[in-house]
Amino acid sequence: MNKLLLRSRQLAAVTWKNVRVYYTEPPVLIFGLFFPFFLFLAFAFGRGSGPAELMPAFLGITLFFTGSSVGPFITPWETRTRTLERLLTSPAPFSLLILGDVLAGFIFGLALSLLIVTGGFFFLGVQPGSILTLLLALLPGSFCFAALGSLFSALPTDKPANVMMLSNIVRLPLIFLSGVFMPLADLPGGLRFLALFSPLTYTVDLLDLTYSNTSYLNPSMALLMSCLFTLTILAGALTWHKRSLLTRL
Amino acid sequence: MNSEQAIEVTDLKKYYDDFPAVNGISFSVERGDFFGFLGPNGAGKTTTVRVLTGILPPTAGEARVMGYDIEKSAPAAKEQLGVVPETVNTYPDLTPRENLWFSGRMYGMDSAKIEQRSSDLLQEFGLGDVEDVKTKEFSKGMRQRVALCGALLHEPQLLFLDEPTSGLDVQSARLIRTIISELNETGVTIYLMTHNIEEANRLCDRVAVINNGRIAAIDSPENLRADIQSTRSVEVVFAEAEDSPVPVDDLKGLPEVEKVEGTGKKFRIFSGSLDPLIKALSDYAAKHEREIVSLNTLDPSLEDAFVRLTGDSTAVRKGTDE
C-alpha cells in the first residue's frame, strides 16, 4: 500500500478515536468548555464593553482552553488503560500517534471557536472584519494550543488529574499575560516583555485586528510568531513524549 | 520477506537501569509453531514479548519477527503480527464494531474489507448480537474476545497471546482455546505466554521456560517431562485416623524418598525408585496400623518440569476454569 495513504488512514483513525472517546470526558468538558466560559463571564460582567470589544478575549480564552484540554487527558489515560500498548504494537510511528492527539485538540478548539464566531454573528451581530485574518488567527492558534496540551501530557504519569493540574499552572498565568484581560499596551513594561513569550499573545492580537481593526503588534510578525510557536511546541511535544515513553511502560 | 523462522532471537538483553530483566536469551520459533513461553512472575516473559512486539527497544542483541528486525524495520514487522495482552485493551467507550474499525484502519485496511472481516469475526466469536453495544457494558471474557478479534482483523501471520484465558469464564476460555488452535492449524504461528501449565501442555508444540531473565529450557512438553522422568512419584491416601494425621517426617524417613508434598492423609512422594518406596509404604502402614485407601504411581507432569527448572513451586497454577 502507498505509504502516504497508510499514514493518512492511521492519522485519521487516531484522531477519530480521540474525538469519539475523549471529547465527552468530564475533565475535558470542565476545563475545555465551562472553565473558559465562566472565566470570561467573570471578566466581562459589569464591564460595560460591547460585544465587539469582548469577542477577541472570549475567542482567545475559548481557543486556548478548548484546544489545550484534550491532549492532557489522552496519554495518561491510555497509559492507565493499557491502550497505549495497543497503539504501540500497531504499525503506526509513535510521532503519528502524538500528532493524532494534537489534531483532536485542534479540531475541538477550532470547532468551538467557530461556533462562537457564528453565534456572535447571528445573535449579537458581531462580525469579523476579515475572514482571512480570522482564520489566520484561529488555525495556527488552535494547532499551537493543541500541541501545548500534548506537551503537558508528556509528563510520565497515568493520572490525568496530575497533567490537568500542571496545565492549569501554566495556562492561567498566560491568560493574564497575553492581552486577554488587559490590552498589551496597558501592561507594565516587564509584563509586556514577558507577554512576547506567550503564544496566546499573538493569537489575541490577530483576533483584535479581526474584530476591532486594531493591533499592538505587526500582523505579519504576529502570524510568523504564532507559526513559530506552533512548530516549536509541536517539536517539544514529540521529543518529550519519546523521552518519557519508556518510563510510562 | 521470507524466512523459515517466525521469530529469531539472538543474545537479547533488556535492562531497566542496571537490572537485567532479560539477560542474553536466544531462541527461535518456526513458522506455524504453537509456542509456549512459561516462567514465574518477574522472570522476563512480559519484557521479552514487549521487545518482540516493538513496544520496547532491546538493550543489546537482535530480535527478528517474520524476517524483519523489530528495531530497524518495526512497521514492516508489526504489520505481520497481532497482539492480545493480558490486560484487555479495548476502548470501553467504543462498540466492538468501532474498536475493530479503528484496529483495521491502523493497519491500512479499507472500509469494505474491515466491514467484511468484522462481521465474520464478531459472528465467529459470538459477539454478533452485541456489535453495537459499548464494550464497557461487557464482561471481561467478552472484552477479551473483542481484543482477539482486533488482533486477528488484519490476518496476522504471528499472534502473541499473553494469558488469553486468565480470569475468563469457562465458555470464553474454551472458545478462545478452540479458535487459536484452529488458527494454528491454518498456519498462523502462535506465541502463548501463560501461567497455566495445563493449557501449555495441551496446546503447545514447543515450550520455553524462562527464569531470572534466561532461558532455562526449550523443548516439546513431552521431552521436558521426559527429562525429569527419573523422578517419579506416588500419590498415597491414608484412611482418616481419629488420633492424629500421618507425620510428614515419618514419610520423609522412608527409603528412596526425595521429597514429600501434602499433609494430613493425602501425600505425593517423589522417588527415583518406586518399587522399594511402595514396599516401604506398605510396611509403614502395617507397622503403624494405618489403612492405605489408595496408592497411585504418577508420571512427571509439565508442571513438575517447570518447578524443577525454575525452582519455584508457587509460580504455577493448574487450569481451574474447566
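Cut-offs applied
Residues numbered from 1 in each chain as written. Chains lettered and ligands numbered in written order. Predicted model: local features only at pLDDT ≥ 70, side-chain atom pairs only at ≥ 80, totals over all residues. Heavy atoms only, no water. Contact = heavy atoms within 4.5 Å. Buried area = accessible area lost by both parts, 1.4 Å probe. Salt bridge = Lys/Arg side-chain N within 4 Å of Asp/Glu carboxyl O. Polar contact = N/O pair within 3.5 Å; in protein donor to acceptor, adjacent residues only side chain to side chain. Helix = DSSP H or I, 4+ residues; strand = E, 2+ residues; numbered from the N terminus. Nonpolar A, V, L, I, M, F, W, Y, C, P; charged D, E, K, R; others polar. Core = buried A, V, L, I, M, F, W, Y, C linked by side-chain atoms within 4.5 Å. Buried < 20%, exposed > 50% of the residue type's maximum accessible area, 1.4 Å probe, protein only. Pairing = 2+ DSSP bridges. Axes fitted to C-alpha atoms, helices over the stretch in contact; angles between N-to-C directions.

**Student:** Is there a simple way to think about the interface of chain B and chain A in this case?
**Tutor:** Accessible area lost upon the coming together of the parts is a frequently used measure of interface size. Tallying the contact residues gives 29 residues for chain B and 28 residues for chain A. Buried surface at the junction of chain B and chain A, summed over both partners, amounts to about 2600 Å²; 62% is from carbon and sulfur atoms. For the chain B face of the interface with chain A, the top three residues by lost area are Ile55(B), Tyr91(B) and Met106(B), together amounting to 26%. The residue Arg50(B) makes a salt bridge to Glu85(A) at a minimum N-O spacing of 2.5 Å. The interface formed by chain B and chain A includes 10 residue pairs in polar contact (both at pLDDT 80 or more). Where the side of chain B that touches chain A is concerned, the elements lending two or more residues are α2 (74-79), β6 (81-84) and α3 (96-106) of chain B. When residues of the side of chain B that touches chain A are assigned to their parent elements, the largest contribution, seven residues, is made by α3(B). Here the side of chain B that touches chain A is composed, by residue class, of 14 nonpolar, eight polar and seven charged.

**Student:** Which parts of the structure should I look at to understand the nonpolar core?
**Tutor:** It is characteristic of soluble globular proteins that their nonpolar side chains tend to be buried jointly. By size, the foremost hydrophobic cluster in this structure holds 57 residues, and its most contacted members are Ile7(B), Phe27(B), Met106(B) and Tyr191(B). Here this core takes seven residues from helix α6 (residues 94-124) of chain A, the largest share from any one element. Here Phe27(B) is in contact with Ile7(B), Glu8(B), Val9(B), Phe35(B), Phe37(B), Thr48(B), Leu52(B), Tyr191(B), Ile215(B) and Ile218(B), once residues within four sequence places are set aside. One finds Phe43(A), Val117(A), Tyr202(A) and Leu206(A) within the second-largest nonpolar core, a separate group that totals 49 residues.

**Student:** What exactly am I supposed to notice about the pattern of salt bridges here?
**Tutor:** Side-chain pairs of opposite charge can arise whenever the charged atoms involved come near each other. A complete count under the given rule lists 14 salt bridges over all chains for this structure. Residue Arg20(A) pairs with Glu98(B) through a salt bridge whose shortest N-O separation is 2.7 Å. Placement of Arg20(A) in helix α1 (residues 3-22) and of Glu98(B) in helix α3 is noted, with the two residues assigned to different chains. Residue class for Arg20(A) comes out partly exposed when judged on its relative accessible area of 29%.

**Student:** What is the right way to read the sheet that holds strand β14 (residues 292-298) of chain B from this model?
**Tutor:** As a general point, the strands of a sheet are linked pairwise by backbone hydrogen bonds and lie either parallel or antiparallel. Residues and elements named next belong to chain B. Reading across the sheet, the four strands line up as β12-β13-β11-β14 and stay open at both edges, with antiparallel pairing between neighbours. The open sheet has two edge strands, β12 (257-261) and β14, and neither has a second partner. Averaged over all pairs of adjacent strands, the angle between their axes in this sheet comes to 20 degrees, without regard to strand direction. Running at roughly 15 degrees to strand β11 (residues 232-238), helix α10 (residues 274-287) makes contact with β11, β12, β13 (266-271) and β14 of the sheet.

**Student:** So what exactly am I meant to see when it comes to the sheet that holds strand β9 (residues 206-211) of chain B here?
**Tutor:** Residue and element names in this part refer to chain B. Read from one edge to the other, the open sheet built from six strands follows the order β6-β7-β8-β3-β9-β10, with strand pairing classed as mixed. Taken across any chain shown, the strands that pair with only one partner, and hence form the sheet edges, are β6 and β10 (214-219). Averaged over all pairs of adjacent strands, the angle between their axes in this sheet comes to 15 degrees, without regard to strand direction. Bridge analysis of β9 against β10 gives five bridges, and the strand direction is antiparallel. Opposite alanine 208, over in β10, you have isoleucine 218 as the bridge partner. Packed on one face of the sheet, helix α1 (residues 45-52) meets β3 (34-38), β6, β7 (158-162), β8 (189-193) and β9 and runs near 145 degrees to β8.

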